[in-house]
Amino acid sequence: MTLRWEPDLDALIVKDLHKNFGGLEALDGVSFSVEERSIVGLIGPNGSGKTTLFNVVTGFHPTDKGEVYFYGERLTGLKPFEIPRKGLGRTFQITRVFPRMTVLENMLVSPREQVGEDFLSVFVKREAVNKQESNLTNEALGLLRFLEIEKLKDEYAASLSGGQLKLLELGRILMAHPKMILLDEPVAGVNPTLARKIFDRILKLRERGVTFLIVEHNMDVVMSFCDKIHVMNKGQIVAEGSPEEIQNNDQVVEIYLGG
Ligand code: ADP
Ligand code: MG
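Reference entry: report on the structure contained in this document. This one's a predicted model, so the numbers in the text were calculated from it and none came from an experiment.

Observations concerning the pattern of salt bridges
What the rule picks out here adds up to 10 salt bridges. For the salt bridge of Lys19 with Asp64, the shortest nitrogen-to-oxygen distance reads 4.0 Å. Taken together, the residues span a long stretch of sequence, with Lys19 in strand β1 (residues 10–21) and Asp64 in the loop between α1 (50–57) and β4 (65–70) at a distance of 45 residues. Relative accessible area serves as the criterion here: at 8%, Lys19 is assigned to the buried category. Residue Asp64 is classed as partly exposed on the basis of its relative accessible area of 47%. Residues Glu73 and Lys86 are paired through a salt bridge, measuring 2.8 Å at the closest nitrogen-oxygen approach. Of this pair, Glu73 sits in strand β5 (residues 73–74) while Lys86 sits in the loop between α2 (82–85) and β6 (88–90), and the two are 13 residues apart along the sequence.

Following this line, the structure appears as structure tokens:
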């Protein structure tokens, strides 16, 4: 009999990742796994390697050593545009949307890949947007409704608040039907009400089967929404556990207090 669903299935496995920037070990042997349908927080002081880890996992930076597996498939060596097609999406610390396009147009731009930001690419994609079939438009509108920003659909992205931009970026990622999403500081600079709303949507998406790995400095949301937390310091994972375990971990407290 084949087992159709394994409760302990790992969505992501990272093995001994190394990344050196001119002598600096930004990643110094990082290993961990993320269980399917979990919300895992990745915390650590500035410069500890969190964004670099995302960049290496998603193919934006080649790894010097180590491997990444997604649902058992090796991702190491794949190009950044190939990763979303495998079902692994990501957002960026600095939100990436097209400011001169409307919210709806942003949702329809190259939904299944990460696009370049050069002018020509935007121009060509806008032509493509005009030809989008209505079912894609309907899907986009449905997601905007889910994210509660549907009423902004005809607004230029440039006019959105920081929190609304984060929701739009999440919406764009969802157009690709990801099985897992890496979020880099999804509520940084977002007011507390909207921050809760964003995490509430994340919980809803998890109910639908999406797995999350989230870099976030807001300890309130990390501690209340994450199932598990990994702590990075100087390119290494130095602690992992439940929010309660992490809060009571002397080493973690020291890392934060010691700067
Ligand atoms: P975090 O996201 O945890 O704040 P980063 O991953 O951005 O940390 O950075 C980890 C270290 O790697 C820092 O010392 C940073 O200066 C360095 N670094 C990150 N990206 C690059 C890069 N593209 N080139 C050179 N150094 C980098
Ligand atoms: Mg960062």
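Topic: the environment of Leu170
On the secondary structure map, Leu170 appears in helix α6 (residues 162–174). Taking relative accessible area as the criterion, Leu170 reaches 2% and is therefore assigned buried. C-alpha separation for the pair Leu170 and Leu183, spaced 13 residues apart in sequence, amounts to 8.6 Å.

Regarding the site of ligand 1
For ligand 1, the full set of nearby residues is Phe21, Leu24, Ala26, Pro45, Asn46, Gly47, Ser48, Gly49, Lys50, Thr51 and Thr52. A distance of 3.2 Å separates an oxygen atom of ligand 1 from a polar backbone atom of Ser48. A distance of 3.0 Å separates an oxygen atom of ligand 1 from a polar backbone atom of Gly49. When ligand 1 is considered free in solution it has 560 Å² of accessible area, and contact with the protein chains removes 61% of it.

Observations concerning the pairing of β4
Here is the key point about a regular strand: its side chains alternate between the two faces of the sheet. Sheet topology note: the β1/β4 ladder contains 5 bridges and is antiparallel. Paired with Val14 across the two strands is Val68, which belongs to β4. Linkage of β4 to β5, two consecutive antiparallel strands, is achieved through a turn of 2 residues, within which Tyr71 is found at a positive phi near 50°.

Quick notes on α1
Within α1, 7 of the 8 residues are buried, which leaves the element mostly enclosed by the surrounding structure. The set of residues buried in α1 consists of Lys50, Thr52, Leu53, Phe54, Asn55, Val56 and Val57. Just downstream of α1, Gly59 is the residue with a positive phi angle, here 80°.

Brief notes about the packing of α6 against helix α7 (residues 192–207)
Closest axis-to-axis distance for the α6/α7 pair is 9 Å, and the angle between their directions is 15°. Judged by the inter-axis angle, α6 sits roughly parallel to α7. Where α6 crosses over α7, the handedness of that crossing is right-handed. Two secondary-structure elements touch here, α6 through Gly163, Gln164, Lys166, Leu167, Leu170 and Leu174 and α7 through Leu194, Ile198 and Leu205. A per-class count over the contact of α6 with α7 returns 6 nonpolar, 2 polar and 1 charged.

Describing the nonpolar core
In this structure, Leu168, Ile181, Ile202, Phe212, Ile229 and Ile246 are the most contacted members of the largest nonpolar core, which totals 48 residues. Setting aside its immediate chain neighbours within four residues, Ile246 contacts Ile43, Met223, Ile229, Val231, Ala239, Glu240, Gly241 and Val252. Listed in part, the 24 residues of the second largest apolar core include Ala11, Val56, Ile83 and Met232.

Observations regarding the sheet that holds β5
Strand order in the open sheet made by the 4 strands is β2-β1-β4-β5, with antiparallel pairing throughout. The open sheet has two free edges, formed respectively by β2 (24–35) and β5, since each of these has just one partner strand. Relative to β5, β4 runs antiparallel, the two being bridged by 2 bridges. Looking at the pairing, Phe70 lines up with Glu73 of β5. Its contacts with the sheet put α1 on β1, β2 and β4, and the angle it makes with β1 is roughly 110°.

Notes on the packing of aromatic side chains
Counted under the stated rule, the structure contains 3 aromatic pairs. Ring geometry for Phe60 and Phe92: centres 5.5 Å apart, planes at 85°, overall edge-to-face. Highlighted residues: Phe60 in the loop between α1 and β4 and Phe92 in the loop between β6 and α3 (103–108), separated in sequence by 32 residues. Residue classification places Phe92 among the buried residues on the basis of a relative accessible area of 9%. Cation over ring: Lys179 sits above Tyr71, and NZ or CZ is 4.8 Å from the ring centre. Above the plane of the ring of Phe146 lies Arg208, whose end atom (NZ or CZ) is 4.5 Å from the centre.

Analysis parameters
- Residues numbered from 1 in each chain as written.
- Chains lettered and ligands numbered in written order.
- Predicted model: local features only at pLDDT ≥ 70, side-chain atom pairs only at ≥ 80, totals over all residues.
- Heavy atoms only, no water.
- Salt bridge = Lys/Arg side-chain N within 4 Å of Asp/Glu carboxyl O.
- Helix = DSSP H or I, 4+ residues; strand = E, 2+ residues; numbered from the N terminus.
- Buried < 20%, exposed > 50% of the residue type's maximum accessible area, 1.4 Å probe, protein only.
- Near = heavy atom within 4 Å.
- Polar contact = N/O pair within 3.5 Å; in protein donor to acceptor, adjacent residues only side chain to side chain.
- Areas by Shrake-Rupley, 256 points an atom, 1.4 Å probe, with all protein chains shown as cover.
- Pairing = 2+ DSSP bridges.
- Axes fitted to C-alpha atoms, helices over the stretch in contact; angles between N-to-C directions.
- Parallel < 35°, antiparallel > 145°, perpendicular 65-115°, else oblique.
- Left-handed = near helix turned anticlockwise from the far one by under 90°.
- Contact = heavy atoms within 4.5 Å.
- Nonpolar A, V, L, I, M, F, W, Y, C, P; charged D, E, K, R; others polar.
- Core = buried A, V, L, I, M, F, W, Y, C linked by side-chain atoms within 4.5 Å.
- Phe/Tyr/Trp six-rings, centres within 6.5 Å; stacked < 30°, edge-to-face > 60°.
- Lys NZ or Arg CZ within 6 Å of the ring centre and 35° of its normal.

Coordinates in, geometry out; function isn't part of it.
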